[in-house]
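# Structure at a glance
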Amino acid sequence: MEEKKTITPDEFFRKIRPELEAGKAVLFTVSGSSMLPAVADGRDLAKAELCDLQKLRRLDVVVVRTDSGRYIMHRIIKLTEFGFCTCGDWCEKDDGFFRFDQVVAHITEFRRRGRVINLESGFWRAVFALWVAAAPVRPAMKRLCGAVSKII
């Protein structure tokens, strides 16, 4: 059985860049909790593809490299001709604006327990549009989820 190796995000994205540029998709295990409930840390997979910047839309999920060198996989909540703003699904505050040249990859699907969630499908785009619209009540939802998890 092959042993799992943990590498830094910088090493990972540097390693997969040639695959993406060759038109191949790359699956990776999600780390972090900022995209709950869509995906869970260490359990779910994300499918990354090279991003056609001309086709980016609100609600798309992208991986960006911040000016400080961090990698973030979050949903686009606002798009302008100059850049875009992202926010994690479980976050209460947006990440600020990014330039288009900071996009590393476009996430086209999540895989949870063998089930494929196609982020391009009309159904899932509608679900995520409702989720983004619910941003003002997320703090209350987080408290409720925390209280429920203590009970069960």
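Scroll up to find the structure this text is about.
Structural notes, computed from the coordinates. The shown structure was predicted, so the numbers you read here are calculated from the model rather than taken from an experiment.

We now examine unusual backbone geometry. Here the amide bond leading from Leu36 into Pro37 is cis, since omega sits at 0 degrees, within 30 degrees of zero. Here Pro37 lies in the loop between β1 (26-29) and β2 (45-49). Positive phi outside glycine occurs at Leu59, with the angle close to 85 degrees. With relative accessibility at 10%, the residue Leu59 sits in the buried group. Positive phi, close to 50 degrees, is recorded for Arg113, a residue that is not glycine. You can call Arg113 exposed: its relative accessible area is 70%.

With that settled, the discussion passes to the environment of Val137. Within the fold, Val137 resides in the loop between α2 (122-133) and α3 (138-151). Val137 sits 97 residues away from Ala40 along the chain, and the two C-alpha atoms are 21 Å apart.

A separate point is the nonpolar core. Soluble globular proteins: nonpolar side chains tend toward being buried together. Phe28, Val63, Met73, Ile107 and Phe110 are the most contacted members of the largest nonpolar core, which totals 24 residues. Contributing elements (two or more residues each) for this core: α1 (9-21), β1, β2, β3 (61-65), β4 (71-79), β7 (103-112) and α2. For Ile107, the residues in contact, after removing those within four places along its chain, are Phe28, Ala46, Lys47, Ala48, Val61, Val62, Val63, Met73 and Leu119. Counting residues in each nonpolar core, the second largest holds 10 residues, with Cys51, Leu56, Ile76 and Phe84 among its members.

With that out of the way, let us pick up the side chain of Gln102. Among the secondary structure elements, Gln102 is positioned in the loop between β6 (97-98) and β7. Taking relative accessible area as the criterion, Gln102 reaches 6% and is therefore assigned buried. One polar contact links the side chain of Gln102 to the main-chain amide nitrogen of Arg99, over a distance of 2.8 Å. If near-sequence neighbours (up to four positions away) are discounted, Gln102 is found in contact with Val63, Val64, Arg65, Thr66 and Asp67.

Another point: α1. In this model, α1 (13 residues) spans 18 Å end to end at C-alpha, consistent with the 18 Å of a helix rising 1.5 Å per residue. Within α1, the axis deviates most sharply at Lys15, by approximately 30 degrees, and proline Pro18 lies no more than four positions further along. On its buried side, α1 packs onto β1, β2, β3, β4 and β7. Residue Gly23 follows α1 closely and has a positive phi angle near 85 degrees.

We now examine the packing of aromatic side chains. All chains considered together, the criterion is met by 9 aromatic pairs. For the pair Trp90 and Trp131, a centre-to-centre distance of 6.1 Å together with 5 degrees between the ring planes defines the contact as stacked. With a gap of 41 residues between them, Trp90 in the loop between β5 (84-87) and β6 and Trp131 in helix α2 connect regions that are remote in the sequence. Trp131 shares its class with Trp90; the two are buried. Cluster of aromatic residues (ring-pair linked, three or more members): Phe12, Phe13, Phe28 and Tyr71. The ring of Phe128 is capped by Arg75, whose NZ or CZ atom sits 3.9 Å from the centre of that ring.

Now for the pattern of salt bridges. Note on pairing: side chains with opposite charge can pair once their charged atoms come close. A full pass over the atoms with the stated rule returns 14 salt bridges. Put simply, Arg125 and Asp60 hold a salt bridge, and the shortest N to O gap is 2.9 Å. On the criterion of sequence distance, the pair formed by Arg125 in helix α2 and Asp60 in the loop between β2 and β3 is long-range, its members being 65 residues apart. What makes Arg125 buried here is its relative accessible area of 12%.

Definitions and cut-offs
Residues numbered from 1 in each chain as written. Predicted model: local features only at pLDDT ≥ 70, side-chain atom pairs only at ≥ 80, totals over all residues. Heavy atoms only, no water. Helix = DSSP H or I, 4+ residues; strand = E, 2+ residues; numbered from the N terminus. Buried < 20%, exposed > 50% of the residue type's maximum accessible area, 1.4 Å probe, protein only. Core = buried A, V, L, I, M, F, W, Y, C linked by side-chain atoms within 4.5 Å. Contact = heavy atoms within 4.5 Å. Polar contact = N/O pair within 3.5 Å; in protein donor to acceptor, adjacent residues only side chain to side chain. Expected span 1.5 Å × (residues − 1). Bend = angle between axes of the 7 residues up to and from the residue. Phe/Tyr/Trp six-rings, centres within 6.5 Å; stacked < 30°, edge-to-face > 60°. Lys NZ or Arg CZ within 6 Å of the ring centre and 35° of its normal. Salt bridge = Lys/Arg side-chain N within 4 Å of Asp/Glu carboxyl O.

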